[in-house]
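# Observations on the three-dimensional arrangement
Residues per chain, in single letters:
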Amino acid sequence: METNLPAEYYQLLEELQAVDFVLVELTLYLDTHPNDTASIQQFNHYAQERKKLKKAIESKYGPMQQYGNSYSGTPWDWNKAPWPWQV
């Protein structure tokens, strides 16, 4: 399957990767500072942002994750999303 992906896809994907990076860093920080309320609020904010970005990407380009992490349309639409090597 060969797909030409628009620039918007890459922009959204880059935003998602940046948010994922922030979430990983905040997770590591919160592992050692579990009572930092401001960081917990920041983590929750970025977790919500990630959810929005993932939904935006999947609504236009198909599911991103398997094993129940992303829903499939009908018919089964896993073959419509770009494969990792196509990005």
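A few points on the structure. (Residues numbered from 1 in each chain as written. Predicted model: local features only at pLDDT ≥ 70, side-chain atom pairs only at ≥ 80, totals over all residues. Heavy atoms only, no water.)

### Quick look at the packing of aromatic side chains
The geometry of an aromatic ring pair is captured by two quantities: the separation of the ring centres and the angle between the planes. Worth spelling out the cut-off: Any two rings among Phe, Tyr and Trp, with Trp reduced to its six-membered ring, count as a pair given centres within 6.5 Å; such a pair is stacked if its planes are under 30 degrees apart, edge-to-face if over 60, and tilted if neither. Accessible area is worked out with a 1.4 Å probe on protein chains only. A residue is then buried under 20% of its type maximum, exposed over 50%, and partly exposed in between. Each helix is a run of DSSP H or I of at least 4 residues and each strand a run of E of at least 2, with the numbering of both proceeding from the N terminus.
On inspection of all chains with the given rule, the structure shows two aromatic pairs. For the ring pair Y9 and Y10, a centre distance of 5.5 Å and an interplane angle of 85° mean the geometry is edge-to-face. Here Y9 falls in the buried class, since its relative accessible area comes to 6%. Its relative accessible area of 34% is what places Y10 among the partly exposed residues. On the basis of an interplanar angle of 80° and a centroid distance of 4.9 Å, the ring pair of Y9 and Y61 is categorised as edge-to-face. Highlighted residues: Y9 in helix 1 (residues 7-32) and Y61 in helix 2 (residues 37-61), separated in sequence by 52 residues. Considered together, Y9 and Y61 belong to a single accessibility category, that of buried residues. Linked through ring pairs, Y9, Y10 and Y61 together constitute an aromatic cluster.

### Focus on the nonpolar core
This is how the line gets drawn: Side-chain atoms within 4.5 Å are what join buried Ala, Val, Leu, Ile, Met, Phe, Trp, Tyr and Cys residues into a set we call a nonpolar core. The contact rule is simple, with two residues in contact once any of their heavy atoms fall within 4.5 Å.
In this structure, L5, Y9, L12, L13, L16, V19, L23, L53, I57 and Y61 together form the largest nonpolar core, which totals ten residues. Within the residue set of this core, elements represented by two or more residues are helix 1 and helix 2. In terms of residues, this core owes the most to one element, helix 1, which gives six residues. Ignoring any residue separated from it by four or fewer positions in sequence, one finds I57 in contact with Y9, L12, L13, L16, G62 and M64.

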